[in-house]
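Survey of secondary and tertiary structure
One-letter residues, chain by chain:
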Amino acid sequence: MSRLRSLRPNLRPLSVLIASLLLMLLAGSVAYRFAQRLGLADLQATGMHRLELYSASLEREIGKYAFLPGTLTLQPEVLRLLTRPQAQTAAGVNAFLEQLNERAGTLSIYVIDRDGQVRASSNWRRPDSFVGEDLSFRPYFRDALANGNGRFFGIGTTRGEPGYYLSSALAADGEILGVAVIKVGLESLEKSWSTVEAPVLVGDENGVVILSSVADWKFTTLRPLDDETRKAFDHTQQYNRRALQPLRIKDLAALDHGARLVRIAREWPEMATVYPVVGRFLTQSRPLPGTPWTLTVFSHLEQVDDLAQSRAALAAIAAACLCMLGAIVNERRRHLRDRLAAREALQKAHDELERKVEERTADLSTANQQLQDEIAERIRAERTLRAAQDELVQAGKLAVIGQLSTGIAHELNQPLAALRTLSGNTGRFLERGDLDTARTNLGRIADLVDRMGRITGQLRNFARKSDGQSAPVPLCHAVDNALGLLEARLRRASAVVERSCPADEPVALCDANRLEQVLINLIGNALDAMAGQAAPRIELSWDSAAGRIRLAVRDHGPGLSAEAEQHLFEPFFTTKPAGDGLGLGLAISAGILRDFGGSLHGSNHPDGGAVFTLELPRHER
Ligand code: ADP
């Protein structure tokens, strides 16, 4: 199927070519026929004209001599010769006929008596003179006796000269005495055709060509002769035993008004004519009045054929031009159609694209809206989470404060008791008038109040809810604050904290309050781990590299158990007895450091004890 389709475009030009050729052929043949028909009609009209012209000239030529034999009746000598033949009379008539023949330009003139014997002749001097000959067998003699005159074409029996015989009966007092005959030569008749433009012939009653503008056609036959006719010719010696070969005219078609299309194929040896005598001809014939002869004009079809051929060629060329024009118009129309289709397809594709773009834009705006909603939701969730986290951090802080509260209370109790004692003592010293001691006591009271203020100040600072914003925090300072809050605990546990602050104090980026919370958690856990030890020791060491600050808090406790190592930063994981620990300290601390871009890591020290390392981004000054 697809193969067929691929062949179709190749077949199209071929079929167009074949159709064009057929059209050219059709146009050519129609034009040929039409032109030939027109040409033939033209030729027929010309032929008819020629026919009339030639027959009129021939009639005129014959008519010139027709009266001549009859005039001999007017010669008394001729009549006398026929009634009383005498040698003297005969000599006179011979001389008269000789003269007349010469003047008229005829072949011969002679007088025959009733019995058919020639009595006098214009050629009396010549050895082959007709005088004395018996011509009673000649048809023109018999016709003249029977009808008064006769016409005959024949070839002379004596000299074999062809001629036209015109005879008239010579009568006196109603009695026929003899016959006068003149013989006209063919040349003088043919003279009238000296200017013909086409072959012309005259056939006699036997179908023998007796006159023709083509010399070679003379004494040929227009139709076949049977043996009987040929025998009759021998008897009358009409054609003087000439061969009488057929002209061989082949009939091709019969047209109107007796016209025919014929072909003459025979070539003649001495053919020298100004017009063609071989080929296809249009023949037109008419009888010559007063004779049994037929005049035929041959019009050659060469011109008609040539004209028809050139018209056919012209028509074929016109058809070819028409086909080409049609092909060009068709090609142009096809081109336009293709362009239109392409434009339509382009418009369609454009519309489709636009529709898709609109769809996508709508999708995109929906997705965008969804994304915005989602982001808003996330922000809301994050805020909620952060709020929850802040609450958690605060809760963790309060838990630390709770843990610290015993120590702080203890820490405040001592100065309060001292204040109580000092204030009592001071009163007594004032009563005694010991103003110096009283002044000293008041100074100590002021110191104690300052100390208590510091403690509550630290606690208040720690307890406040921070906003969690990043800011440069000097680490040593944060450590001091944390240790300050844990001071009472550390003292109670007799713990030693080893720390050194480098000259170039490291500054981290984070929230100071929250960092203190982390440090209190880590140092608190270390103290918890070393609870019961005689000399607990905590080591704080610094390290900084590549924009980061690391602080390690190491204790000398039992270290992290395997379970603790696995769940260290999980919320609510604790190994401490209920009421001592919530299991949130490390989880909150890790969360705080993560919020500031840092991290918390816990492991066992190779030499025993646990070590927690916190890492924070360094603030570059
Ligand atoms: P809590 O202190 O309330 O138990 P934490 O999250 O601070 O909660 O600690 C969780 C647990 O981690 C502790 O119960 C303890 O078992 C272990 N831990 C923390 N710090 C240390 C330490 N320095 N040495 C040994 N174990 C520790």
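The rules behind these values
Residues numbered from 1 in each chain as written. Predicted model: local features only at pLDDT ≥ 70, side-chain atom pairs only at ≥ 80, totals over all residues. Heavy atoms only, no water. Helix = DSSP H or I, 4+ residues; strand = E, 2+ residues; numbered from the N terminus. Rg over C-alpha atoms; globule rule 2.2 N^0.38 Å. Buried < 20%, exposed > 50% of the residue type's maximum accessible area, 1.4 Å probe, protein only. Pairing = 2+ DSSP bridges. Axes fitted to C-alpha atoms, helices over the stretch in contact; angles between N-to-C directions. Contact = heavy atoms within 4.5 Å. Near = heavy atom within 4 Å. Polar contact = N/O pair within 3.5 Å; in protein donor to acceptor, adjacent residues only side chain to side chain. Areas by Shrake-Rupley, 256 points an atom, 1.4 Å probe, with all protein chains shown as cover. 1 Å grid on protein atoms, 1.4 Å probe; cavity = no way out; pocket = protein on both sides within 12 Å on 5 of 7 lines; lining within 4 Å. Sits in = over half its atoms within 2 Å of the grid points. Nonpolar A, V, L, I, M, F, W, Y, C, P; charged D, E, K, R; others polar. Disulfide = S-S within 2.5 Å. Points joined across faces, edges and corners; volume = space filled by probe spheres on them. pLDDT = per-residue confidence, 0-100. Phe/Tyr/Trp six-rings, centres within 6.5 Å; stacked < 30°, edge-to-face > 60°. Lys NZ or Arg CZ within 6 Å of the ring centre and 35° of its normal.

**Structural notes on the overall build of the chain**
- Along the backbone of the chain there are 14 helices and 20 strands.
- A compact globule built from 621 residues would reach a C-alpha radius of gyration of about 25 Å, whereas the chain, at 80 Å, exceeds it by more than 25%.
- Seen along its three principal axes, the alpha-carbon backbone of the chain occupies a region of about 245 × 50 × 40 Å.
- Split into buried and exposed, the 621 residues of the chain put 39% on the buried side.

**Quick look at the sheet that holds strand β3 (residues 149–155)**
- What the five strands build is an open sheet, ordered β2-β1-β5-β4-β3; its pairing is antiparallel. Single-partner strands in this sheet number two, and they are β2 (118–121) and β3. Going across the sheet, the axis of each strand differs from the next one's by a mean of 25°, ignoring polarity.
- Looking at chain direction, strand β4 (residues 162–172) and strand β5 (residues 175–185) are connected through ten bridges and run antiparallel. Residue pairing across strands places L166 opposite I182, the latter belonging to β5.
- Where helix α4 (residues 87–104) meets the sheet, its contacts fall on β1 (108–113) and β2, and the angle it forms with β2 comes to roughly 50°.
- Lying over the sheet, helix α5 (residues 139–147) contacts β1, β3, β4 and β5, oriented at roughly 175° with respect to β3.

**Some thoughts on the environment of F429**
- Mapped onto the fold, F429 is located in helix α8 (residues 302–432).
- The exposure class of F429 is buried, given its relative accessible area of 18%.
- Placed ten residues apart in sequence, F429 and R439 show a C-alpha to C-alpha distance of 9.3 Å.
- Every residue in contact with F429, bar those within four places of it in the chain, is listed here: D434, T437, A438 and N441.

**Concerning the site of the ligand**
- Inspection of the region around the ligand gives 18 residues, with N525, D555, T574, T575 and K576 positioned closest.
- The side chain of K576 places a nitrogen or oxygen atom 2.4 Å from an oxygen atom of the ligand.
- Here an oxygen atom of the ligand and a backbone polar atom of G585 are 3.5 Å apart.
- For the ligand, the accessible surface in isolation is 530 Å², of which the surrounding protein chains cover 93%.
- When atom positions are compared with the pocket grids, the ligand is found to occupy the largest pocket.
- Only α12 (512–529), α14 (585–595) and β20 (610–617) provide two or more residues apiece to the shell around the ligand.
- In terms of residue class, the shell around the ligand is made up of nine nonpolar, seven polar and two charged.

**Here we look at the state of the cysteines**
- As enumerated under the stated definition, the model contains one disulfide in all.
- Across the disulfide, C476 is cross-linked to C501 (sulfur-sulfur distance 1.7 Å). The chirality of the disulfide connecting C476 with C501 is right-handed, given an S-S dihedral of about 100°. Of the two residues, C476 sits in helix α10 (residues 475–485) while C501 sits in the loop between β15 (496–499) and β16 (507–510), which places them 25 residues apart along the sequence.
- Assessed through its relative accessible area of 4%, C476 is described here as buried.
- Sulfur of C321: no disulfide; nearest cysteine sulfur belongs to C323 and is 9.2 Å away.

**Structural notes on unusual backbone geometry**
- Residue D173 is not a glycine yet carries a positive backbone phi of 55°.
- Tracing the sequence through the fold places D173 in the loop between β4 and β5.
- A residue is classified by how much of its surface remains accessible, and D173, at 86% relative accessible area, is exposed.
- A positive phi angle is found at S494, which is not glycine, with a value near 55°.

**Comments concerning the layout of surface pockets**
- Volume-wise, the largest pocket comes out at about 760 Å³.
- Taken together, 38 residues form the lining of the largest pocket, with N525, D528, T574, K576 and L586 sitting closest to its centre.
- Elements with a contribution of two residues or more to the lining of the largest pocket: α8, α12, α14 and β20.
- Per element, the largest residue contribution to the lining of the largest pocket is seven residues, and it comes from α12.
- The residue makeup of the lining of the largest pocket, split by class, is 19 nonpolar, 13 polar and six charged.

**Observations regarding the confidence of the model for the chain**
- On average, residues of the chain score 86 in pLDDT, and 95% of them are at 70 or above.
- Here residues 1–7 is a poorly scored stretch, pLDDT under 50, and it has zero contacts once near neighbours within four places are set aside; other chains count.

**Details of the packing of aromatic side chains**
- This structure, assessed with the given rule, holds seven aromatic pairs.
- Ring geometry for Y140 versus F152: centroids 5.8 Å apart, planes at 45°, classification tilted. Residue Y140 is located in helix α5, and its partner F152 is located in strand β3; the two are separated by twelve residues in the primary sequence. Considered together, Y140 and F152 belong to a single accessibility category, that of buried residues.
- Look at F281 and F298: their rings are 5.8 Å apart centre to centre, the planes differ by 85°, and that puts the pair in the edge-to-face class. In this pair, F281 sits in strand β12 (residues 279–287) while F298 sits in strand β13 (residues 294–300), placing the two residues 17 residues apart along the sequence.
- Residue class for F281 comes out buried when judged on its relative accessible area of 0%.
- The exposure class of F298 is buried, given its relative accessible area of 1%.
- Its end group placed over the ring of F462, K397 keeps NZ or CZ at 5.8 Å from the ring centre.

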